[in-house]
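Each chain, letter by letter, is given below.
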Amino acid sequence: MILVGPRIAIAEDEIGESFIRASGPGGQNVNKVSSAVQLRFDIRASPGLPPDVRERLERLGGARVTQDGVLIINARAHRSQERNRQAAREALIALLRRAAEPPRPRRPTHPTHASRLRRLSEKRRRAAVKQGRGAPTET
């Protein structure tokens, strides 16, 4: 079990990992060893996620979430497979922790008196500029 927070725990078997060849540093080793990690986590099928966290995680995942609700995290920054694997898991845990935080409710605010005055004076200035653009009057 991977403990993410007080209400969230994920079983190891919910995470799928596949190893692919990575570009970048490593010399000739890059062409021989599959050191990059592609971590897959099915958000919708996970029993350890509360519904509100599940919804926020899908939103936070953005383009990394497939239409089926599978979160895909690629890690290829390190030369070793184990460090990439660890980096991918840390990225998943970080995303889960962010999704576990409930969003702060927005409190509606009113514009300040000074901002209202600035807005109105700018409107008057723009109106005067546009008024001056009219056809010349004969005097």
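Since this is a predicted model, take the numbers as computed values, not measurements.

A.B. asks: I'd like to hear about the overall build of the protein, residue by residue, with values.
C.D. replies: Helix and strand counts for the protein come out as three helices and five strands. Its helices and strands taken in sequence order, the protein reads β-β-β-β-α-β-α-α from the N to the C terminus. A compact globule built from 139 residues would reach a C-alpha radius of gyration of about 14 Å, whereas the protein, at 27 Å, exceeds it by more than 25%. With respect to the principal axes defined by its C-alpha atoms, the protein has extents near 90 × 45 × 25 Å.

A.B. asks: Residue-level account of the sheet that holds strand β5 (residues 70-75), with values.
C.D. replies: Judged by pairing direction, the sheet is antiparallel, and its three strands sit side by side in the order β3-β4-β5 without closing on themselves. At either end of the open sheet lies a strand with only one pairing partner, and these are β3 (15-20) and β5. Across the sheet, the axes of successive neighbouring strands diverge by a mean angle of 20 degrees, strand direction being ignored.

A.B. asks: Break down the nonpolar core for me, with residues and values.
C.D. replies: Counting residues in each nonpolar core, the largest one holds 22 residues, and the members touching the most others are F41, L49, L57, L71 and L92. Residue assignment for this core shows that the elements contributing at least two residues are β4 (36-42), α1 (51-61), β5 and α2 (81-100). Broken down by element, this core gets its largest block of residues, six residues, from α2. Once residues lying within four places of it in the same chain are set aside, the contact partners of L92 are I15, L39, F41, L71 and I73.

Rules behind the numbers
- Residues numbered from 1 in each chain as written.
- Predicted model: local features only at pLDDT ≥ 70, side-chain atom pairs only at ≥ 80, totals over all residues.
- Heavy atoms only, no water.
- Helix = DSSP H or I, 4+ residues; strand = E, 2+ residues; numbered from the N terminus.
- Rg over C-alpha atoms; globule rule 2.2 N^0.38 Å.
- Pairing = 2+ DSSP bridges.
- Axes fitted to C-alpha atoms, helices over the stretch in contact; angles between N-to-C directions.
- Core = buried A, V, L, I, M, F, W, Y, C linked by side-chain atoms within 4.5 Å.
- Buried < 20%, exposed > 50% of the residue type's maximum accessible area, 1.4 Å probe, protein only.
- Contact = heavy atoms within 4.5 Å.

Take it as geometry only, folks, not as evidence of what the structure does.
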